[in-house]
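# Residue-level structure breakdown
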Amino acid sequence: MLGYIARRVLSTIPVMGVVALFVFLMLRLSPGDPAAVIAGDYATAEDIARIRERLGLDEPIVVQFFQWLGNLLQGDLGISIFTNLPVTTLIAQRLEPTIMLTLTTLTFTILVAVPLGTLAAWKAGSLIDRAVMIFAVAGFSIPVFVLGYMLIYQFSIEWRWLPVQGYKSIFEDGVGPFFRHITLPTLTLSVIYIALIARITRASVLEILQEDYVRTARAKGQSETKVLLRHALRNAAVPIVTVIGLGVALLIGGVVVTESVYNIPGLGRLVLDAVLKRDYPIIQGLILLFSFVYILINLMIDLLYTVFDPRIRY
Amino acid sequence: MASDSTTLARPIRRTPATGTVLDVRGLSVELPANADRKYAVEDVSFTVDAGEIVCVVGESGSGKSVTAQTVMGLIPRRDLKPVAGQARLLGEDLLTKSEAQLRKLRGERMAMIFQEPMTALNPVMKVGDQISEMLEIHTDMDKAARLKRVVEVMRDVNLPEPERLVHSYPHQLSGGQRQRIMIAMALALEPVLLIADEPTTALDVTTQAQILDLIKDIQRRHGTGVMFITHDFGVVAEIADRVVVMQHGKVVEQGQAKMVLSHPEHPYTKMLMASVPSLEPPQRTSLSHAEIALQTIGLAKTYVAGGWLGRKRTVKAADAVQLVVRRGETLGVVGESGSGKSTVARCIVRLIDPSAGEIWLAGHQIAEINQGALRPFRRDVQIVFQDPYRSLNPRRTVGASVIEGPMNFGLGRAEAVARARDLMQVVGLSPDALDRFPHQFSGGQRQRICIARALAMEPKVLIADEAVSALDVSVQAQVLELLDRVRNEFDLAMLFITHDLRVAAQVCDRIMVMKQGEVVEEGATAEVYAHPQHPYTRALLEAAPGRHVTFGAQA
């Protein structure tokens, strides 16, 4: 068991290393002079020279890599070209809204999608099942920005229940304002995710319900609810958890759009701004951060498997 | 036990029931409209008395499992509707009970054990908790009392160290232990009726003997009525008090086990009993001078698991295996699961690479040559697998599957098709079969197709890996006869891998007994069966169910 955890944790190190290498090469291997690329179309020769010097692009590439890696390991992601602030500071400023939006979305999604999918599987072929499946297809098909504006129109402009945009911190502004502002973005971001997870839950519970041990549970005289919760759902958990984890990648993409629609000052907005301004140090820093989070989540999922399925523990 | 019975809402130890426990009268169950017949079971009547084992015998599609599951109320009534008759448990008709009433009776008054204990137990729940669940559903016992009772019933089914075993998961136990857990679970509340649906079919023969003994012993001690479903007349001979024979959903014969076994009346019963291969090997002429087709010297396969931060474990799946098969000869490789018999077959076909040793095929050593050099030898060794449902591609016609191999080796399409048509006749099918898909055939027909597919390659060696184990006994006899005939006709060397000593007795010239990767005994079939040398061989022969009854079939 401990060996398994140690193995999983250690195996993330080479993965992170490969990601770091790619992020580093991303700028260096792009065609043309990276300094000119960063500087953009209207830069003067001095601008380009200044950028080249700042990024250390005069040094041999191997030296550059180790310098960069050394800084990285000390938590130094470089300096933003446009704001002249350290990238770590910029990220730290924008971290809270994104983390909060991700957490509310994940929680809401799991609370809705797993019961919905289980219900659909249990009542397979019924009206409920069909309704859930139609919702899943629709939810998966509708683009985040379309849904976002539809919700804003209905809830904020027509009914005036919720604010149109913006973000309030749960720590500084209190719980009420926080939830008033985060509700619509959470709904927007959740729909596609609920669609995905409800579908997977349905499929995997449906499969488990055919298993012999479900028949055994019924032969014991167990009630249908307990058959579902105790026997089916726990066995179906591994594929469900896998998709929840993989879906985090989807979530990162969704965050960028959702934050733009609702004007939330989070990492998504930072990504967008950095890309538009070709602020490479920020882009690199964010890619590293997102990769790191993604790897971390996959690690957590691997460890969660062992909680759900004892066969993986040994 | 007596001390804590005061804490129970209802005492668990009841006085055993007497008289008739289960009374099925004129039961008919309707199949859905699009099925190939109207009734799954039709006008079925039989009884099970307390303290009695009634074997319900039949082949697949006989309706024996439907009958059992109808009694248990495990089939949704909208799919398979009981349309006539009664199923009375202690006088009360189960068919008129509501779902909630049935739930209460299930587990408490009637319990069921199933064929495959690995899949019948929840893999993510400790076995102790799974037994305990039974008590949790039906009694008010607290946690401590439940644990106590769980340990008690586990001890009752002879599980070692029950206090420790309650915390195990199913995958940590052996097949026999898992089935004991199932039995402990079923008996936890001392039901009056135990329905056992092929409970030993998936088990090794020595384990099967132990489980049969256990069921007999427990039912005698507790006076349980047992409805025991099986397809195996050997098992019937071992444990049945009475026998009910079913065919196509109807009861064709029933009576005292001794009577039915000694004087079967219905032709179907006679046919079933005649199809059980005899443990007496027939006379066979020795082929010791024929050309050697296949030989292995010191063949071994070692698996290394773990490593890299984990504990390293090595498993010797096969060790120092020497075998010789001559043209026209059948060598039987017999053993229980984990004995390494399939590993040997897979090494010979080079589906897996052996760790050591030599494989000689038609004068060439093929154990270590690379895949490219191996290719010309591929056609010389063909294999027929256990499960014909899964070894044919369901989306390709039979013809496409049969001609694929020869065409890979350069035969033109027209010739390949012509050969396939001939082979269809050799295996007893019409040449039209080539245009149809696997799902349009029965299990036996599919296995015939698999044999034709193997023969299309014109092999020198044919490996049959449990090739008849998944088939009904009447079909099994026919496929065995076919295998023996093609071996003769094509002068094949056949490696016949099986766990079934009855089958091996009928088709093998020589027998090799394997245990835990090693060959423990080898010799002429008649000699090995008459004078087994190794204790393990003796144990295997001892454990063969129904060995005291002589059944008809000699292939």
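Residues numbered from 1 in each chain as written. Chains lettered and ligands numbered in written order. Predicted model: local features only at pLDDT ≥ 70, side-chain atom pairs only at ≥ 80, totals over all residues. Heavy atoms only, no water.

This part covers the overall build of chain A. From N to C terminus, chain A includes 13 helices and 0 strands. With the C-alpha coordinates of chain A rotated into their principal frame, the extents come out at 80 × 55 × 35 Å. Across the 314 residues of chain A, 44% fall into the buried class. As presented, chain A carries roughly 15700 Å² of accessible surface, and 69% of it is formed by carbon and sulfur atoms. Computed over 25 positive and 22 negative side-chain charges, the separation of the two mean positions in chain A equals 13 Å. (Helix = DSSP H or I, 4+ residues; strand = E, 2+ residues; numbered from the N terminus. Buried < 20%, exposed > 50% of the residue type's maximum accessible area, 1.4 Å probe, protein only. Areas by Shrake-Rupley, 256 points an atom, 1.4 Å probe, with all protein chains shown as cover. Lys, Arg positive; Asp, Glu negative; His and termini not counted. Charge placed at Lys NZ, Arg CZ, Asp CG, Glu CD.)

What chain B contains, in helices and strands, is 20 helices and 20 strands. The globule rule puts the C-alpha radius of gyration for 555 residues at 24 Å, and the 26 Å found for chain B is close to it. A principal-axis box enclosing the C-alpha atoms of chain B has dimensions of 75 × 55 × 45 Å. Among the 555 residues that make up chain B, the fraction classed as buried is 54%. In chain B, the share of contacts with a sequence separation of at least 24, taken over all contacts with a separation of at least 6, comes to 71%. By element, 49% of the accessible surface of chain B is carried by carbon and sulfur atoms, the whole surface being about 23500 Å². The distance from the centre of the 64 positive side-chain charges to the centre of the 65 negative ones in chain B is 4 Å. (Rg over C-alpha atoms; globule rule 2.2 N^0.38 Å. Contact = heavy atoms within 4.5 Å.)

What follows covers the interface of chain B and chain A. The interface of chain B with chain A comprises 30 residues on the first partner and 24 residues on the second. Buried surface at the junction of chain B and chain A, summed over both partners, amounts to about 2400 Å²; 58% is from carbon and sulfur atoms. For the pair chain B and chain A, the number of links is 3 salt bridges. Notably, a salt bridge pairs Arg230 of chain A with Glu133 of chain B, separated by 3.4 Å at the nearest N-O pair. The interface formed by chain B and chain A holds 15 residue pairs in polar contact (both at pLDDT 80 or more) in total. Of all the secondary-structure elements, those providing two or more residues to the side of chain B that touches chain A are α1 (64-72), α2 (99-108), α3 (117-120), α4 (127-138) and α7 (175-187) of chain B. Looking at which element gives the most residues to the side of chain B that touches chain A, the answer is α4 of chain B, with 6 residues. Looking at the side of chain B that touches chain A, its residues break down into 16 nonpolar, 9 polar and 5 charged. (Buried area = accessible area lost by both parts, 1.4 Å probe. Salt bridge = Lys/Arg side-chain N within 4 Å of Asp/Glu carboxyl O. Polar contact = N/O pair within 3.5 Å; in protein donor to acceptor, adjacent residues only side chain to side chain. Nonpolar A, V, L, I, M, F, W, Y, C, P; charged D, E, K, R; others polar.)

Under the counting rule described, the total for this entry stands at 9 aromatic pairs over all chains. Ring centres of Phe178 of chain A and Phe179 of chain A lie 5.0 Å apart, and the angle between their planes is 75°; this geometry places the pair in the edge-to-face category. Ring pairs connect the aromatic residues Phe24, Phe65, Phe66 and Trp68 of chain A, which therefore count as one cluster. A cation over a ring is seen here: Lys123 of chain A above Trp122 of chain A, with NZ or CZ 4.5 Å from the ring centre. When the ring centre of Phe409 of chain B is taken as reference, the NZ or CZ atom of Arg375 of chain B above it lies at 4.9 Å. (Phe/Tyr/Trp six-rings, centres within 6.5 Å; stacked < 30°, edge-to-face > 60°. Lys NZ or Arg CZ within 6 Å of the ring centre and 35° of its normal.)

The subject of this paragraph is the side chain of Arg180 of chain B. Examined against the element boundaries, Arg180 of chain B turns out to sit in helix α7. Within the buried set, Arg180 of chain B has no salt-bridge partner at all; the shortest N-O distance to an opposite charge, 8.1 Å, is to Asp213 of chain B.

All names here are of chain B. Positive phi values are uncommon outside glycine, yet Glu198 reaches one of about 50°. With respect to the element layout, Glu198 can be found in the loop between β7 (193-197) and α8 (205-222). Owing to a relative accessible area of 8%, Glu198 belongs among the buried residues under this scheme. Its identity is not glycine, yet His248 carries a phi of approximately 45°, on the positive side. Its location among the elements puts His248 in the loop between β9 (242-247) and β10 (250-256).

Another aspect to go through is the nonpolar core. Residue and element names in this part refer to chain B. The biggest cluster of nonpolar side chains holds 93 residues, and the ones touching the most others in it are Leu193 and Phe228. It is α7 that provides the largest number of residues to this core, a total of 7 residues. Once residues lying within four places of it in the same chain are set aside, the contact partners of Phe228 are Ile53, Val54, Cys55, Val56, Ala196, Pro199, Leu212, Ile215, Val235 and Ile239. The next biggest cluster of nonpolar side chains, apart from the first, holds 53 residues, and it includes Ala456, Phe496, Tyr529 and Tyr536. (Core = buried A, V, L, I, M, F, W, Y, C linked by side-chain atoms within 4.5 Å.)

What follows covers the pattern of salt bridges. For the structure shown, the criterion picks out 41 salt bridges over all chains. Note that Arg485 of chain B is salt-bridged to Glu489 of chain B, the shortest N-O span being 3.7 Å. Taken as a pair, Arg485 of chain B and Glu489 of chain B lie in helix α17 (residues 473-489) at a separation of 4 residues, close to a single helical turn. A single salt-bridge network, built from bridges that share partners, covers Lys220 and Arg230 of chain A together with Glu133 and Glu136 of chain B.

What follows covers the environment of Ala20 of chain A. All names here are of chain A. With respect to the helices, strands and loops of the structure, Ala20 is situated in helix α1 (residues 2-28). C-alpha of Ala20 to C-alpha of Gln284: the two residues are 264 residues apart in sequence and 9.0 Å apart in space. In contact with Ala20, not counting residues within four places along its chain, are Trp68, Leu69, Leu72 and Leu288.

Residues and elements named next belong to chain A. On domain assignment, one finds that chain A holds domain 1 (2-73) and domain 2 (88-313). Distance from the C-alpha centre of domain 1 to the C-alpha centre of domain 2: 32 Å. Listed as interface residues are 19 residues of domain 1 and, on the opposing side, 15 residues of domain 2. For the pair domain 1 and domain 2, the two sides together bury roughly 1600 Å², of which 76% comes from carbon and sulfur. Counting every contact that joins domain 1 to domain 2 gives 1 salt bridge. One salt bridge in this structure joins Asp302 and Arg8, with 2.3 Å as the shortest N-O distance. Remark: the boundary between domain 1 and domain 2 carries 2 residue pairs in polar contact (both at pLDDT 80 or more). Of all the elements in the fold, those that place two or more residues in the side of domain 1 that touches domain 2 are α1, α2 (34-39) and α4 (61-73). (Domains from an automatic or database assignment.)

The subject of this paragraph is the domain arrangement of chain B. Residues and elements named next belong to chain B. Partitioning chain B into structural domains gives domain 1 (3-275) and domain 2 (292-380 + 459-543). Of note, the centres of domain 1 and domain 2, computed from C-alpha atoms alone, are 36 Å apart. When the two sides are added together, the surface that domain 1 and domain 2 hide from each other amounts to roughly 1000 Å², 53% of it contributed by carbon and sulfur. For the pair domain 1 and domain 2, the interface holds 0 salt bridges. Linking domain 1 with domain 2 are 6 residue pairs in polar contact (both at pLDDT 80 or more).

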